[in-house]
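# Survey of secondary and tertiary structure
As a plain string of letters, each chain reads:
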Amino acid sequence: MPLKKEQVKKFQERLFDLRASLTHTIEGTAKEVKKPDEATGYSQHQADQGTDDFDRTISLEVTTREYEILRQIERALEKIDEGTYGVCDVTEEDIPLARLEAVPYATMTVRAQEKFEKGLLIE
């Protein structure tokens, strides 16, 4: 069942909000990762340096995941412009409303997404 214009508009607003929030978070994380260590030198203990390196690695991994979600949000917004929002990119089946409510940037049905994540599909 195709989405109504009011529904698409509501999802578009959510996607814009999500994009703004993620962009802000990514910028903050990037600044944090790039920030030089104030306490570098002989006074810093090796364990502290290891913890800092670990924290940076985690921040980079989180940022990578956030970039992926941001890419999905951009694709969902493209689909709104194309008039295909709510339709699976792979199967061209309707994406259930409950899935869009939970993941407004979903561009695939759950079944297609699972196959994609297992490497059985190429987007």
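I will try to describe carefully the structure that is included in this document. It should be emphasised that the depicted structure is a prediction, and the values quoted were computed from it without experimental measurement.

### As for the overall build of the chain
Across its full length, the chain carries four helices and zero strands. For the chain, the sequential pattern of α-helices and β-strands runs α-α-α-α. Taking all 123 residues of the chain together, the buried fraction comes to 26%. Taking contacts inside the chain between residues at least 6 apart in sequence as the whole, the part at least 24 apart equals 54%. Here the chain displays about 8600 Å² of accessible surface, and carbon together with sulfur accounts for 55% of that area.

### With respect to unusual backbone geometry
Although it is not a glycine, Glu92 adopts a positive phi angle of roughly 65 degrees. Within the secondary structure layout, Glu92 lies in the loop between helix H2 (46-82) and helix H3 (97-102). Looking at Glu92, the relative accessible area reads 64%, which means it is exposed.

### Thoughts on the side chain of Arg99
For Arg99, the position within the fold is in helix H3. Although Arg99 is buried, it forms no salt bridge, and the closest oppositely charged side chain is Glu117 at an N-O distance of 6.7 Å. Engagement of the side chain of Arg99 in a polar contact is seen with the backbone oxygen of Met108, the distance being 2.8 Å. Apart from the residues lying within four places of it in its own chain, the contact partners of Arg99 are Ala106, Met108, Thr109, Val110 and Gln113.

### Some remarks on the environment of Asp94
Here Asp94 lies in the loop between H2 and H3. Asp94 sits 15 residues away from Thr109 along the chain, and the two C-alpha atoms are 7.6 Å apart.

### Considerations on the nonpolar core
Counting 18 residues, the largest nonpolar core has Leu15, Ile73, Tyr85, Leu100 and Tyr105 as the members making the most contacts within it. Those elements that place two or more of their residues in this core are helix H1 (5-34) and H2. Of the residues forming this core, the biggest block, six residues, is contributed by H2. Residues in contact with Tyr105, not counting those within four places in the same chain, are Leu15, Leu18, Ile69, Gln72, Ile73 and Ala76.

Conventions and cut-offs
Residues numbered from 1 in each chain as written. Predicted model: local features only at pLDDT ≥ 70, side-chain atom pairs only at ≥ 80, totals over all residues. Heavy atoms only, no water. Helix = DSSP H or I, 4+ residues; strand = E, 2+ residues; numbered from the N terminus. Buried < 20%, exposed > 50% of the residue type's maximum accessible area, 1.4 Å probe, protein only. Contact = heavy atoms within 4.5 Å. Areas by Shrake-Rupley, 256 points an atom, 1.4 Å probe, with all protein chains shown as cover. Lys, Arg positive; Asp, Glu negative; His and termini not counted. Salt bridge = Lys/Arg side-chain N within 4 Å of Asp/Glu carboxyl O. Polar contact = N/O pair within 3.5 Å; in protein donor to acceptor, adjacent residues only side chain to side chain. Core = buried A, V, L, I, M, F, W, Y, C linked by side-chain atoms within 4.5 Å.

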